[in-house]
Amino acid sequence: MQLETDHKMLTVLIEELHAKTRKKNEDLPQEFVTRLAVNFGRLRALYWTLSGNSKSVNRDFSQLIQLLYESYLKRDNDLKYLDRQRESQPDWLLHQKWVGMSLYAEHFNGDLKGFQEKLPYLQELGINLVHLMPVLMSPENENDGGYAVSDYRQVRPELGKMSDIHSITEKFRKEGMLLVMDVVINHTSNQHKWAKKARKGKKKYQRYYFMYDDRSLPDQYETSLPQIFPESAPGNFTYLKDINKWVMTVFRNYQWDLNYKNPQVFIEMQKVLIFLANQGVDILRLDAPAFIWKEMGTSCQNLPQAHTLLQLMKRSMQIVAPGVKFIAEAIVRPQEIVKYFAKGTNDPECDIAYHATLMALIWNSLATSKVDLL
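Residues numbered from 1 in each chain as written. Predicted model: local features only at pLDDT ≥ 70, side-chain atom pairs only at ≥ 80, totals over all residues. Heavy atoms only, no water.

Q: What should I look at first to understand the environment of lysine 196 in this one?
A: As for its position among the elements, lysine 196 is in helix H9 (residues 193–199). Sequence-wise, lysine 196 and glutamine 206 are 10 residues apart; in three dimensions their C-alpha atoms are separated by 9.5 Å. Filtering out sequence-adjacent residues up to four positions away, lysine 196 remains in contact with Asn190 and Gln191. (Helix = DSSP H or I, 4+ residues; strand = E, 2+ residues; numbered from the N terminus. Contact = heavy atoms within 4.5 Å.)

Q: When you look at the layout of surface pockets in this model, what are you seeing that I'm missing?
A: To find leftover empty space, a probe the size of one water molecule is rolled over the atoms. Quantified by volume, the largest pocket comes out at close to 690 Å³. Taken together, 28 residues form the lining of the largest pocket, with Ile327, Ile352, Ala353, Tyr354 and Met359 sitting closest to its centre. Within the residue set of the lining of the largest pocket, elements represented by two or more residues are strand S1 (100–103), strand S2 (129–132), strand S11 (283–287), strand S13 (352–354) and helix H15 (356–368). Class assignment of the residues belonging to the lining of the largest pocket gives a composition of 20 nonpolar, six polar and two charged. (1 Å grid on protein atoms, 1.4 Å probe; cavity = no way out; pocket = protein on both sides within 12 Å on 5 of 7 lines; lining within 4 Å. Points joined across faces, edges and corners; volume = space filled by probe spheres on them. Nonpolar A, V, L, I, M, F, W, Y, C, P; charged D, E, K, R; others polar.)

Q: Explanation requested: a positive patch on the surface in the structure shown.
A: A contiguous patch of positive charge, built from Lys74, Arg153, Lys193, Lys196, Lys197, Lys200, Lys202 and Lys204, is present on the exposed surface. Ranked by the residues each element gives to the positive patch, the list is headed by H9, at three residues. By secondary structure assignment, the location of arginine 153 is in strand S4 (residues 151–155). Look at arginine 153 and you get partly exposed, because its relative accessible area is 34%. (Patch = residues over 30% accessible without salt bridge, like charges linked within 9 Å, V, L, I, M, F, W, Y side chains within 5 Å. Areas by Shrake-Rupley, 256 points an atom, 1.4 Å probe, with all protein chains shown as cover. Salt bridge = Lys/Arg side-chain N within 4 Å of Asp/Glu carboxyl O. Lys, Arg positive; Asp, Glu negative; His and termini not counted. Charge placed at Lys NZ, Arg CZ, Asp CG, Glu CD. Buried < 20%, exposed > 50% of the residue type's maximum accessible area, 1.4 Å probe, protein only.)

Q: Is there a simple way to explain the side chain of serine 56 in this structure?
A: Of note, serine 56 is situated in the loop between helix H2 (30–51) and helix H3 (57–74). Side-chain polar atoms of serine 56 contact the side chain of aspartate 60, separated by 2.8 Å. (Polar contact = N/O pair within 3.5 Å; in protein donor to acceptor, adjacent residues only side chain to side chain.)

Q: Help me out: how do you make sense of the sheet that holds S2 in this one?
A: Here we have six strands laid out as an open sheet, ordered S1-S2-S5-S11-S12-S13, and parallel in their pairing. Every other strand in the sheet has two partners, leaving S1 and S13 as the edge strands with one partner each. Within the sheet, the average angular offset between the axes of one strand and its neighbour, ignoring direction, is 25 degrees. The pairing of S2 with strand S5 (residues 178–184) spans four bridges and is classified as parallel. Following the sheet pairing, valine 130 is matched in S5 by leucine 179. (Pairing = 2+ DSSP bridges. Axes fitted to C-alpha atoms, helices over the stretch in contact; angles between N-to-C directions.)

Q: I keep staring at the packing of aromatic side chains and nothing clicks. Help me out?
A: Both the distance between ring centres and the angle between the ring planes are used here to describe each pair of aromatic rings. On inspection of all chains with the given rule, the structure shows 22 aromatic pairs. Ring pairs connect the aromatic residues Phe40, Tyr47, Trp48, Phe61 and Phe266, which therefore count as one cluster. In this arrangement the basic side chain of arginine 285 is found over the ring face of tyrosine 354, its NZ or CZ atom lying 5.0 Å from the centre. It is lysine 314 that lies over the ring of phenylalanine 326; its NZ or CZ is 5.1 Å from the centre. (Phe/Tyr/Trp six-rings, centres within 6.5 Å; stacked < 30°, edge-to-face > 60°. Lys NZ or Arg CZ within 6 Å of the ring centre and 35° of its normal.)

Q: What am I meant to see in H3 here?
A: Given 3.6 residues per turn, any residue in an α-helix points the same way as the ones three and four places further on. Helix length check: H3, at 18 residues, gives a terminal C-alpha distance of 26 Å against a target of 26 Å (1.5 Å per residue), a fit within 8%. All of the buried residues in H3 are Val57, Asp60, Phe61, Leu64, Ile65, Gln66, Leu67, Leu68, Tyr69, Ser71 and Tyr72. (Expected span 1.5 Å × (residues − 1).)

Q: Would you mind going over the nonpolar core with me for this structure?
A: Considering soluble globular proteins, one finds that nonpolar side chains tend to be buried as a cluster. Ranked by size, the top nonpolar core spans 105 residues in total, and within it Ile165, Val183, Tyr260, Leu284 and Met313 carry the most contacts. Among the elements that take part in this core, helix H12 (residues 263–277) stands out by supplying nine residues, more than any other. Beyond its immediate chain neighbours, meaning those up to four positions away, tyrosine 260 contacts Ile185, Val265, Phe266, Met269, Ile292, Trp293, Leu309 and Met313. The next biggest cluster of nonpolar side chains, apart from the first, holds eight residues, and it includes Trp92, Leu178, Val180 and Ile327. (Core = buried A, V, L, I, M, F, W, Y, C linked by side-chain atoms within 4.5 Å.)

Q: When you look at H15 in this model, what are you seeing that I'm missing?
A: With 13 residues, H15 extends 18 Å between its outermost C-alpha atoms, agreeing within 8% with the 18 Å of an ideal straight helix rising 1.5 Å per residue. The first or second residue beyond H15 is serine 369, which carries a positive phi of 60 degrees.

Next comes the structure, spelled out in structure tokens:
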């Protein structure tokens, strides 16, 4: 019965896309249709798991399919060619040839153009995978080292422009190198346009965050919500005196947590992920994925819905840019971190997990020749 329902919905959505392409005297790309058909059943099931109670679920899901289609059309041909190569070798990232390095462009050689000038040096070292530490737009102050993003589509002006990222990825592809970039998916800076509009009283954007008129609901959250930085940033909510509201700020008071219970937030963040993928970024490091779903009465960490959301992000990416990989920056117990690989399920999630504590313990064991802590 469900297969029949999925087939009918897929047929309707494809016909809607066909109608738009006919108006432009274009053909609907068969590659996109095939990928959509292969992933459609699980994509729809995951989406309904999170948004099935919404009155606008059909409209919102149609909006997602339209986004994926338009994003596929915008993807460069050389990136599509690379996607096909990587689809034929799904374990390409596990090859032992990759040697990685993390660096700040500003400390490495001034800015992104300076970074490009040093590519021969990196190659001389044998480096072929580079993680550029945060480069996206963030306020000059209150930026958490770049993890309070105020614009996901712009680079900090002192580092360069988004066109520099595009130029770097083009050079990397020619040299067989990979670029990793951070995407902060749990929160935005309070200087992001969504936050600014929310602060001006726009109800649409206030629903992008967890914003309340009084302390009653925040206090209920606080009964089970642990504090991340109890000394430097106590509490999980910040009072906005100018609009007399409380907003959830699990990390710092200038980092507003996104409300993924609002389907539009997922759509907007998926736009961001695909936008960066279409700049040629090979691997997206998803910052703080353990926190992305909030549920009252829980720790709001590592919840099943967070994994469903990540699987939905991954499934959507597979339709547009299947050659792009995800890193989970999940600083959680080893028993929890393995869940970010979606082991034992039919849904891909993250391809790599970044675990600071585990890495520190490995170095400790090497340095001390003891494995007690590890």
